[in-house]
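Report on the structure
Single-letter residue listing:
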Amino acid sequence: MKNKFLVIPLLFAVTLGVILSVKTFPKQYTVNLEGVKYQLGTENNHFTEPITIRIDGKLQQSLTGSKTFKGTIDIDDEKIPVPEDQRGLEIMFQDNGGGPIVYSYFENGRPGTYGYGVLYTNSNFSEVTIATFQKDETDLSNRGWTSENGQMITAPAANRTEALKISNELMKDYLKGNSLK
């Protein structure tokens, strides 16, 4: 009878431990997605070009539900002013689903950072959209993004219409009822 009272809590503890381990264990993702780079705003619907996104890294979820990606994101023809060997990322996703893509690096003995944009993705990186930061023409030191005319990279998508549908879905918590056009 005593053994019965010990086995049940032990079985419960082991089951709980296994569930928590599976939930918080980092998951490896290596994906190549074909998509499009485009400019938001109906007046900018002529700006669309094909692009390939390569993502390689691990996504870990904490017990509190916060997610962190550690790895690399490569985008065809994108000029990133960060040394090639220092392009590893650690992206901490926020409550609105977005994770800032910020590179930290050293060059000529000095530390630097470069903000590329904000990544939104589904749970397995099979759909991604990136709101890319652009230079402000009036203040060249300022980089930002707006939902009215910002630049996006979305995959998988063959055209602007497909890309907008994916972006609006992935960014719905950020957009709070609004939609990108």
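Focus: the side chain of N44
- Looking at the element boundaries, N44 is found in the loop between strand 1 (27-39) and strand 2 (48-61).
- For N44, the contacting residues outside a window of four places in its chain are Q39, N149 and R160.

Some details on the sheet that holds strand 6 (residues 110-121)
- Across the sheet, which stays open at both edges, the eight strands sit in the order 4-3-2-1-10-7-6-5 with antiparallel pairing between neighbours. With one partner strand each, in any of the chains shown, strand 4 (89-92) and strand 5 (98-107) form the two edges of the open sheet. Averaged over all pairs of adjacent strands, the angle between strand axes in this sheet comes to 35 degrees, irrespective of strand direction.
- For strand 3 (residues 67-75) and strand 4, the ladder comprises four bridges, and the chain directions are antiparallel. If you follow G71 over to strand 4, its bridge partner there is L89.
- Lying over the sheet, helix 2 (residues 160-170) contacts strand 1, strand 2, strand 6, strand 7 (128-132) and strand 10 (151-155), oriented at roughly 125 degrees with respect to strand 1.

Details of the nonpolar core
- I73, I101, Y116, L119 and F125 are the most contacted members of the largest nonpolar core, which has 26 residues in total.
- Within the residue set of this core, elements represented by two or more residues are strand 1, strand 2, strand 3, strand 4, strand 5, strand 6, strand 7 and strand 10.
- Looking at this core, the element that brings in the most residues is strand 2, giving four residues.

Observations concerning unusual backbone geometry
- Omega for the peptide link from A155 to P156 comes to -5 degrees, which places this bond in the cis form.
- Relative to the helices and strands, P156 is located in the loop between strand 10 and helix 2.
- The phi dihedral of D77 is positive, around 60 degrees, even though this residue is not glycine.
- With relative accessibility at 69%, the residue D77 sits in the exposed group.
- Positioned with a positive phi, K176 is a non-glycine residue whose angle comes to about 50 degrees.
- If you trace the backbone, K176 turns up in the segment after helix 3 (172-175).
- A relative accessible area of 70% places K176 in the exposed class.

Here's the deal with the pattern of salt bridges
- Tallied over the full model, the rule gives four salt bridges.
- Put simply, K37 and E78 hold a salt bridge, and the shortest N to O gap is 2.6 Å. Taken together, the residues span a long stretch of sequence, with K37 in strand 1 and E78 in the loop between strand 3 and strand 4 at a distance of 41 residues. The pair formed by K37 and E78 is uniform in burial state, with each residue classed as buried.
- For R54, the salt bridge is made with D76, and the minimal N-O distance between the two is 3.0 Å. Of this pair, R54 sits in strand 2 while D76 sits in the loop between strand 3 and strand 4, placing them 22 residues apart in sequence.
- The partly exposed category is assigned to R54, whose relative accessible area is 33%.

Notes on the pairing of strand 6
- Relative to strand 6, strand 5 runs antiparallel, the two sharing 10 bridges. Paired with P100 across the bridge in strand 6 is V118.
- In textbook terms, the turn of a hairpin is the stretch between consecutive antiparallel strands, and for strand 5 and strand 6 this stretch comprises two residues, one of which, N108, has a positive phi near 55 degrees.
- Note: strand 6 against strand 7, five bridges, orientation antiparallel. The residue bridging V118 from the neighbouring strand is A131, located in strand 7.

Conventions used here
- Residues numbered from 1 in each chain as written.
- Predicted model: local features only at pLDDT ≥ 70, side-chain atom pairs only at ≥ 80, totals over all residues.
- Heavy atoms only, no water.
- Helix = DSSP H or I, 4+ residues; strand = E, 2+ residues; numbered from the N terminus.
- Contact = heavy atoms within 4.5 Å.
- Pairing = 2+ DSSP bridges.
- Axes fitted to C-alpha atoms, helices over the stretch in contact; angles between N-to-C directions.
- Core = buried A, V, L, I, M, F, W, Y, C linked by side-chain atoms within 4.5 Å.
- Buried < 20%, exposed > 50% of the residue type's maximum accessible area, 1.4 Å probe, protein only.
- Salt bridge = Lys/Arg side-chain N within 4 Å of Asp/Glu carboxyl O.

So far we have only geometry, and geometry alone does not tell us how the molecule works.
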